[in-house]
Structures are given as C-alpha cells and as structure tokens.
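Chain and residue survey
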2 protein chains.
Amino acid sequence: MTESVKFLLDESRIPKHWYNLMADLPAPPPPVLHPGTLKPVGPDDLAPLFPMSLIAQEVSTEREIEIPEPVREVYRQWRTTPLYRARRLERALQTPARIYYKYEGVSPAGSHKPNTAVAQAFYNREAGVKRLTTETGAGQWGSSLAFAGAVFGIEVQVFMVRVSYDQKPYRRALMETYGARCVASPSMETSFGRSVLASSPESNGSLGIAISEAVEIAASRDDTKYALGSVLNHVLLHQTVIGLEAMAQLEAADDYPDVIVGCTGGGSNFAGIVFPFLGSQLRGGRKLRIVAVEPAACPSLTRGRYAYDFGDTGHMTPLAKMHTLGSTFMPPGFHAGGLRYHGMAPLVSHIRQLGLIEARAYQQTQCFEAGVFFARHEGIVPAPEANHAVKGAIDEAVRCREEGVSRAILFNLCGHGHFDMQAYLDYFGGRLADQEYDESELAMALAGLPSVAEPV
Amino acid sequence: MTESVKFLLDESRIPKHWYNLMADLPAPPPPVLHPGTLKPVGPDDLAPLFPMSLIAQEVSTEREIEIPEPVREVYRQWRTTPLYRARRLERALQTPARIYYKYEGVSPAGSHKPNTAVAQAFYNREAGVKRLTTETGAGQWGSSLAFAGAVFGIEVQVFMVRVSYDQKPYRRALMETYGARCVASPSMETSFGRSVLASSPESNGSLGIAISEAVEIAASRDDTKYALGSVLNHVLLHQTVIGLEAMAQLEAADDYPDVIVGCTGGGSNFAGIVFPFLGSQLRGGRKLRIVAVEPAACPSLTRGRYAYDFGDTGHMTPLAKMHTLGSTFMPPGFHAGGLRYHGMAPLVSHIRQLGLIEARAYQQTQCFEAGVFFARHEGIVPAPEANHAVKGAIDEAVRCREEGVSRAILFNLCGHGHFDMQAYLDYFGGRLADQEYDESELAMALAGLPSVAEPV
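Now for a quick tour of the structure. Everything numeric in this text was worked out from a predicted model, so none of it was measured. (Residues numbered from 1 in each chain as written. Chains lettered and ligands numbered in written order. Predicted model: local features only at pLDDT ≥ 70, side-chain atom pairs only at ≥ 80, totals over all residues. Heavy atoms only, no water.)

Counting its regular elements, chain A contains 19 helices and 15 strands. Relative to the compact-globule value of 23 Å for 456 residues, chain A shows a C-alpha radius of gyration of 21 Å, a close match. The principal-axis extent of the C-alpha atoms belonging to chain A is close to 65 × 50 × 45 Å. For chain A, the share of sequence-separated contacts (at least 6 apart) that also reach a separation of at least 24 residues comes to 77%. Here chain A has roughly 15,300 Å² of accessible surface; of this, 50% comes from carbon and sulfur atoms. Both charge centroids of chain A, one from 42 positive and one from 49 negative side chains, sit 4 Å from each other. (Helix = DSSP H or I, 4+ residues; strand = E, 2+ residues; numbered from the N terminus. Rg over C-alpha atoms; globule rule 2.2 N^0.38 Å. Contact = heavy atoms within 4.5 Å. Areas by Shrake-Rupley, 256 points an atom, 1.4 Å probe, with all protein chains shown as cover. Lys, Arg positive; Asp, Glu negative; His and termini not counted. Charge placed at Lys NZ, Arg CZ, Asp CG, Glu CD.)

Next up, the structure:
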C-alpha cells in the first residue's frame, strides 16, 4: 500500500466558523487607541473605514464566528486546500521527522490572501459599499482583493508601492485581469500622495505611504471603504480556516504537530495556521512549539520594540500596541515584499509577549536555498515569503535528524512563486545578496515612536 | 442547499489504467514510416530514442494500460484535479447551458504536461536511462519534464526555442529551479544546430529545429533518450487520466457532456479529455459532439493537408500521416506558443479524418477577450493556449442561449496563465494583434511535403 502524500477534505468539511483566539487568551491584548485622543477607539471611530460587521469582528470575544454561506460558496472553489506529507523532502533530508505542509497556493490569486479578501468583499457588499481601496506591496493582497471584488461586483482601487509597480508588471496585470484599477503610490490622487511627491518626486513609495493614500480616499467618500490584507484582528480571524482545516486533515493522517512554523510579515498567514492549534492548547489541549520566521532585513518580532505605533506613514491610522521597527523605518529592498512591513499584528505581538511563541530571523539567500531544495523534491516553487517558512521547517527537521527524534512538523506554504521568478533568476545568477538594515536608521525610527502612556 | 461548484474524487479514484483509443477505433491509423526506407517503422528503429516500454505503448491495441504505482504516487500530489461547474460564468452569460471545466493548472508545472512527463521519466529510469533531452516552445513541456526528472533522479536537457528563451526567462527559471539545463536553440551543441546557425546566425529558432537538436543528442548517446511532450500515441495515452477522471466526476454531478471542447496544438490535452468519452461512444455509448479549437495563425486541422510529413525541421524523425502545414512552415509569432506546431497528432488527425470530431480556428484577440471574461467570473487566469478552449466553450454556451436549449458543455482548462502575463499586458495595452500566416508560404510548405505512396 502506498502511503498518503495528500490529505483533502470533502467540501462539506470546509469550516462553518472562523476561530477567534480572543476567546481563549489568558489576558486580552492592549486596546487600540485613537491617534488624537489617545483613548481606546470605539466602533464609530472606525466606521468611515470599515462596515459595522467587520468592526464587530475586530472586537469580538466569541470563540466561533459563523462564515456566511456566500463566502463558503466562493471558498469552495479552492478549499479545502491540500495538506501534504512531504515524504520526498523527508527522504532527501534523511530525517526521522514527519513534515506536513498546508498549501494555500491553490487559490485563484495563488496565496492565502483570498481567504480574507472574499470575506471582506462580501461584508462590504452587504453594507452597500460600491468601492474598496487598498494598498499592496508585492501584489498578492491587491490581486486577491481584485479577485474578490470581481466576484461580488465591487470596484477595487489598489495603491501599489511604486517600486513594485515598476518592477512587478505581471502582478499588476493580474489585478487588471480581475478588473481592478491599479495606481502607483505615491500618487497624485490623494493629498498625502501629492505631499510626498512634492518633497521627493522620485519616491519609491512604501507600504506605509500606500496605506495612507488608500485610507485617505476611503475616509473622504461615502460609497467607499478600505480593506487591509493583514495585521487587524478580523483579517487574522478569516485566515483561521487554514489551521482549522489542517487540524481535521492531521486527524485524518492520525498525527498532531509537535512544532508549527509560519512566516510573518503582518502576521495573517502565521495566525491562520497557528491560532486554532494554540487555542486548543490554551483550553488544556496538547502543548506545542510555535515558531515565527521573519526576514533578518525587517525583523519586527526579533528586533522591534513592543510599543504603540501607527500602521501607516501618514499617521492616519489608530495606534496599536505591537512589535514595531517604527512607522518611519524603511526596510532595505529584498524579495519577500509581503514581509516588508514595520509592524506586527497586535494579536501575534501579544502572544509573543505572553511567551506562547518563538521567533527567528533568516537572511534571504538561505531562504532561497531552502526554497529551491524544496521545489526539487516536492515540485512546488514557493513564494519568497513562503521560503522563510520552508527554511524554518527544514531546520527543525535537520534538528530531528541530529537528535534522532521523530517529531511532526507543520508549516504553512502560504503561496506559490510563479510571479516571483525574477527573484529565482537573481538567486541563480548570484545577484541575490543578503540585506542588512541600517542600525542607526532603526534607532532613529524607534526613537520617533509616539509617546503613549499605557491606558488603564 | 448550495449547488456544488467543484467535484473532486478521493485519491483512491485516481485512474489505475490509461485508456487506449486504438482498441475502439473502427479502422487503425496509417502506420508511421521510416524516413529512409518508407516502410513502417519497427521497435528497433525507435529504440535509440525511447525505452521499449514506451515503444510498446506506442503500438499497443490493448484498451487499458496499467499505470505503474510509482507514477500514481507522484500523480497523487495534484490528482485528481478538480472538475468545476462554471456557475458564475453561466450566470454572466445568461445561458441555460451547464458549463463544466476540468482544471489541469493545479499540477506543479501549472499544466497538463506533467501527466506524461512523470510517466516518461519513470519508464526511462526503469530502463536505466541517465539523461533525457527534449525541446520546448512556451516552456510548459520543458518545465514539466524538468519536474519529472527531479522526482526520478534523471538529468534533463531542454532545447528551448531561441525567441522564447529570450522572451520568457521566467519559464526558464522554473526549469532551472527544478534542476534542468536549458539551452537556447539553435545551439552550438549539435551539428544540426551549428548548421542552422551557420546559415542564419540570428535565427529565432522553432519547435521543429529544437526537436531535431534534442533527437540528435539522444540518438548519439547510449545513456540518453528523448522525450516528446505531445503528438505521439503514448503521450496522448498518458493524458487520458484527464478524461477518465472527468467521466467519474460528471457521474458524481449526475450529468454527461453533450459537447466537449479542447484546444489543439500537438493534440495531447485535447486527446486527454476527449478520448475516454469518444471511446465510450465508439463502444455504443452516448454520442457527443467534439470540437477541436486551434489558432487561426497555425491552423493544421482546418487548413492543413492530411499527409505524411516529418515531425521536425531537420527531418530526423519518422514520417507520420497527420494534418500538417508542412514541416518548413513558420507560423507567425502569437502568444499561445504551445499551439505553434506545424503538425497534429496522428491519432487526432485520424479521428478528424473519420468525421468523429469538428475543428474550428480562432484569432488570438477573441481568445484573450474570452479569457479575461472567464477570469473575472471564475477567478482562474487561463494560459493563452487554454483561452482557445474557453472561447470555444463560451461560443457553445451562447448558442445554447440563442436556441433556448440547455446542453452540458465540457472543456479542458489545460493550464494557468501565471507565466504568460506579458501576453495579458499586451492585450490590455492594445498591442496584441491578430496574426495571419502568409498564404504563399503555406502553399510552398505544402508543396514541399515528402512524396510518399500510401503503404499497403
């Protein structure tokens, strides 16, 4: 008999609820603050940006939040996603470890991002919203929201970081194929964009600037709201379908993870695979090690400060307590654009602070080396972001070999690398160098953090 | 209750046999001839290029040929592939038609090609072959064989048509990620390549030239064989997993196709979806219409001659009777590189000749228009080749609307377009023009067909 390499669930097993970690935390995370009053924000403060249904999810402490049937119907197109047992990789590593990976690259946009994009587009349509604005770096989030907008008949405008807009025309083409309008940021379409261009006409842009532009438009128009692809509680919530499915699939495989590895940029794919397992542990279930892997060039969890900070460069967003490198920190250019963000999701920061997870930073060349090794054995070419998780999982598997111990390692392969082949070309051509951030710049960005007393 | 949009089969339902149409044909196809003697080729003539197991499949008349367990084990990674009911597309078209599509883009290389690449790599490894050579145009076949070579530990050398090598570095990067060596063709590595370069140093290359180079190397080395991605009987055979799965999935959907649509270049993805259904019809089962869609710029089925011709430009291959534009015909450049071949698979040509299938040619802009419409409703961005099938299926669905008849339409979405976004950019930018071949060039190429009397 052949051993299974792929675990799929029947479509009836697509989760009916998202899992909300807030219900099981030993202590609640610090509140989000209004940037003017420094008081905790209320629903009305967020109403210009988000529909009430999503604001309710942002603050909910219910353990299970029902997935609306129209969202499940769209999920059905690619969910459940496969859980793989990486048998060829295990053999190549000569490890006694059992390596499992959940593969989110089968979605229409090629990553985990549609899990929340579809939900957000649905709730916005229900609220009568005609248009959504958002930002995108590498383009994975922008193309996911473009897809979701096409499905629910919502116009989508994407502010794409200038340097990516120029360097990644194919991700832009994907957004346009789905019917979205893609604008290079900083742009002349917002007053914040114009102010940036006035002082630096050649600006490459940044995620923080693009967020400010998207927020400005949404805040100033009645028929338009804003959608964020990571960081916020409701975004992390929507991603828990990943971990919920993985739990059921591992049950079918008659196994349970000893270690979970996920890469972290804003934190949403990491939360998606981790939270359901962590919740089970917090309710008295089996304990496991959880490892967050981040890029050494943008190391918010391992080198950032746990402090209140803005989510954007224009300082239009509320203040959230999170691991941050400072909202003015400009990470060096590296290929995992999805991990190039100064802050970490408040919920992920919180569980790090509670000592529930470990964090580790890797350089990009070692991640690409791991990704190519993975591709040659498992056949799937990972996105540069996902290579961080691959590297983390391989290191855990090598440790198993060295210790002579068989452990179950689970990681999330959050997307494929089909739109990132230039990075692979650069890697093969020896043009992909490790990137170091500037220590004095980091110190300056951290010194510039807003001074906020912890609210009572 | 929500209506199903996706039909998946349990991994135990991955076919255990390939289906061989030869068993059910009312008349056998004309034999393949030795180019020197003009006598039917025997196994020994093909032995320098292929292992005996594949040569046996090439001439077999057994209805079912067992899929070796190690091949099924690799298939298991992405098979069974989903069969979708295109409900959002149906609504957008306001058609009473039931549109189904089988999606082969979920494979590691993103197309149907690994179905045969994995099988060919397996049989070659069993025969002790150390190295495989092949050609590739758009790169889908080359990357599939590169993947299969990585899985079975066989070295792969790909001759990639020069113009694609220069214009499609990302497909090349994918082959290199899988560990294959990719060479621009014409190259200095073969005497045929050197002869082409001597007379036209700036040659863009062609599939016919690249085949000659790959065959030359395989024929001259003991440890090296050749692998072809389409046209041959055994290649079409391996692709029948597509149609066999689709039959079982449609049974689960309680439906049966009235029409099947497939795009045709060499003929393998078309054969894959069509042959199992056609076989059932030939054995007395339900009759259906079958439509082959080809590019108007390279219309072998609709404008070619049914005649004996070479498979390559260097005239190293045997002669096969097929619909051909002549082996010296150079189709104009268009974006569906996988459909740019002068000939059609002998088996597909044969059933066309028997009146069992229809054929239709489309221009590329109308195919891209259909592809973008499809992407906005179904979420999947098709490869330019697959856009031809999408266009054909949409036309059938529109006909259903006009006639007020509900028919079941099945088509094969043979691959995704992630590596073809330049074509979409060109389409959106108005730079994608329809291409006409030169009538006098076609006449000349047809006049140059080898003169072969039909063997007795």
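What follows covers the sheet that holds strand β1 (residues 6-7) of chain B. Residues and elements named next belong to chain B. Taken in spatial order, the seven strands make up an open sheet running β1-β4-β5-β15-β10-β11-β14, and their pairing is mixed. Two strands lie at the open edges of the sheet, namely β1 and β14 (358-362), each paired on one side alone. The pairing of strand β5 (residues 98-103) with strand β15 (residues 408-413) spans six bridges and is parallel. Considered in β15, the bridge of arginine 98 is made with alanine 408. Contacts between helix α12 (residues 241-252) and the sheet are confined to β1, β4 (83-85), β5 and β15, with β5 contributing the most and set at about 140° to the helix. (Pairing = 2+ DSSP bridges. Axes fitted to C-alpha atoms, helices over the stretch in contact; angles between N-to-C directions.)

On to the interface of chain A and chain B, then. Contact with chain A, which involves 45 residues of that partner, is made by 45 residues of chain B. Roughly 4,000 Å² of surface becomes buried between chain A and chain B when both sides are summed, with 57% attributable to carbon and sulfur atoms. Seen at the junction of chain A and chain B, the total is zero salt bridges. Run the count over chain A and chain B and you get 21 residue pairs in polar contact (both at pLDDT 80 or more). (Buried area = accessible area lost by both parts, 1.4 Å probe. Salt bridge = Lys/Arg side-chain N within 4 Å of Asp/Glu carboxyl O. Polar contact = N/O pair within 3.5 Å; in protein donor to acceptor, adjacent residues only side chain to side chain.)

Before going further, it helps to spend a moment on the relation of the copies chain A and chain B. By a simple turn and slide, chain A fits onto chain B: the slide is 0.0 Å along the axis, the RMSD is 0.0 Å, and the turn is 180°. Taken together, these values place the two copies in the relation of a two-fold axis. Ranked by how close their C-alpha atoms come to the rotation axis, the residues of chain A are headed by histidine 418 of chain A, at 3.1 Å. A shared interface surface links the copies, since 100% of the contact residues of chain A are contact residues in chain B too. (Least-squares fit on C-alpha atoms with pLDDT ≥ 70 in both.)

The next thing to look at is the packing of aromatic side chains. A full pass over the atoms with the stated rule returns 33 aromatic pairs over all chains. Both rings, one in phenylalanine 368 of chain A and one in tyrosine 424 of chain A, keep their centres 5.0 Å apart while their planes meet at 70°; by these two values the pair is edge-to-face. Placement of the pair is phenylalanine 368 of chain A in helix α16 (residues 364-378) and tyrosine 424 of chain A in helix α18 (residues 421-428), with a sequence separation of 56 residues. Classification of phenylalanine 368 of chain A by relative accessible area gives buried; the value is 2%. Seen from their ring centres, tyrosine 84 of chain B and tyrosine 101 of chain B are 5.1 Å apart, and the 35° between their planes marks the pair as tilted. Pair noted here: tyrosine 84 of chain B is in strand β4 and tyrosine 101 of chain B is in strand β5, with a separation of 17 residues, a long-range link. Residue tyrosine 84 of chain B shares its accessibility class with tyrosine 101 of chain B, and that shared class is buried. Site record: aromatic cluster; members linked through ring pairs are Trp18, Phe122, Tyr123 and Phe152 of chain A. Lying across the ring of tyrosine 165 of chain A, arginine 172 of chain A places its NZ or CZ 4.3 Å from the centre. (Phe/Tyr/Trp six-rings, centres within 6.5 Å; stacked < 30°, edge-to-face > 60°. Buried < 20%, exposed > 50% of the residue type's maximum accessible area, 1.4 Å probe, protein only. Lys NZ or Arg CZ within 6 Å of the ring centre and 35° of its normal.)

Quick look at unusual backbone geometry now. Cis geometry marks the peptide bond from arginine 79 of chain A to threonine 80 of chain A, where omega comes out at -5°. With respect to the helices and strands, threonine 80 of chain A occurs in the loop between α3 (69-75) and β4 (83-85). Cis peptide bonds are those with omega within 30 degrees of zero, and the linkage from serine 185 of chain B to proline 186 of chain B qualifies with 5°. Here proline 186 of chain B lies in the loop between β8 (181-185) and α9 (191-199). Here the phi dihedral of aspartate 254 of chain A falls at roughly 60°; this positive angle occurs in a residue that is not glycine. The topology assignment puts aspartate 254 of chain A in the loop between α12 (241-252) and β10 (259-263). The class for aspartate 254 of chain A is exposed, based on a relative accessible area of 72%. The backbone phi angle of leucine 38 of chain B is positive, close to 60°, even though this residue is not glycine. Along the chain, leucine 38 of chain B turns up in the loop between β2 (17-19) and α1 (43-46).

So, on to the packing of helix α5 (residues 114-126) of chain A against helix α6 (residues 140-152) of chain A. Each packed pair of helices is defined by two parameters, the angle between the axes and the distance between the axes. Residue and element names in this part refer to chain A. Where α5 meets α6, the axes come as close as 8 Å, and the angle between the chain directions of the two elements is 40°. Between α5 and α6, the interaxial angle falls into the category oblique. Crossing of α5 against α6: the hand is right-handed. Along its contact with α5, which presents Pro114, Thr116, Ala117, Val118, Gln120, Ala121, Phe122 and Arg125, the element α6 presents Trp141, Ser144, Leu145, Phe147, Ala148, Gly149 and Phe152. In terms of residue class, the contact of α5 with α6 is built from ten nonpolar, four polar and one charged. (Parallel < 35°, antiparallel > 145°, perpendicular 65-115°, else oblique. Left-handed = near helix turned anticlockwise from the far one by under 90°. Nonpolar A, V, L, I, M, F, W, Y, C, P; charged D, E, K, R; others polar.)

Here glutamine 120 of chain B shows up in helix α5 (residues 114-126). Within the structure, glutamine 120 of chain B has its side chain in polar contact with the backbone oxygen of leucine 228 of chain B (distance 2.9 Å).

Examined against the element boundaries, aspartate 255 of chain B turns out to sit in the loop between α12 and β10 (259-263). Here aspartate 255 of chain B is in contact with Arg98, Tyr100, Leu250 and Ala408 of chain B, once residues within four sequence places are set aside.

Here the focus is the environment of glutamine 120 of chain B. Residues and elements named next belong to chain B. By relative accessible area, which is 0% here, glutamine 120 ends up buried. Each C-alpha atom, one on glutamine 120 and one on lysine 6, is 30 Å from the other, the two residues being 114 residues apart in sequence. Once residues within four sequence positions are removed from consideration, glutamine 120 is found in contact with Leu54, Trp141, Ala227, Leu228, His234, Val235 and His238.

Moving on, we get to the sheet that holds strand β7 (residues 155-161) of chain B. Residues and elements named next belong to chain B. Taken in spatial order, the four strands line up as β8-β7-β6-β9 in an open sheet, and their pairing is parallel. Either end of the sheet is taken by a strand with one partner, and the two such strands are β8 and β9 (224-226). For this sheet the average axis-to-axis angle between neighbouring strands, irrespective of direction, equals 25°. Two strands pair when backbone bridges link them, and β7 and β8 are joined in this way by five bridges, in the parallel orientation. Note that in β8 the partner of methionine 160 across the bridge is alanine 184. Strands β6 (131-136), β7 and β8 of the sheet are contacted by helix α8 (residues 169-177), whose axis makes an angle of about 170° with β7. Packing of helix α10 (residues 207-220) onto the sheet brings it into contact with β6, β7, β8 and β9, and relative to β6 it is tilted by some 170°.

Let us look at the pattern of salt bridges. All names here are of chain A. Counted under the stated rule, the structure contains 48 salt bridges over all chains. In this structure, the salt-bridge partner of glutamate 69 is arginine 76, at a minimum N-O distance of 3.1 Å. The closest approach of N and O atoms between glutamate 126 and arginine 125, which form a salt bridge, is 3.3 Å. What makes glutamate 126 exposed here is its relative accessible area of 51%. When salt bridges that share partners are traced, they join Glu11, Glu69, Arg72 and Arg76 into one network.

Most often, soluble globular proteins have nonpolar side chains that are buried together. Trp18, Val71, Tyr75 and Val118 of chain A together with Met421 of chain B are the most contacted members of the largest nonpolar core, which totals 49 residues. Taken together, the elements giving at least two residues each to this core come down to α3, α5, α6, β7 (155-161), α8 (169-177) and β8 (181-185) of chain A together with α16 (364-378) and α18 (421-428) of chain B. Of all the elements, α6 of chain A adds the most residues to this core, at seven residues. Counting 48 residues, the second largest nonpolar core, distinct from the first, contains Ala375 and Met421 of chain A together with Leu237 and Val241 of chain B. (Core = buried A, V, L, I, M, F, W, Y, C linked by side-chain atoms within 4.5 Å.)

Interpretation in functional terms is not warranted from these geometric data alone.
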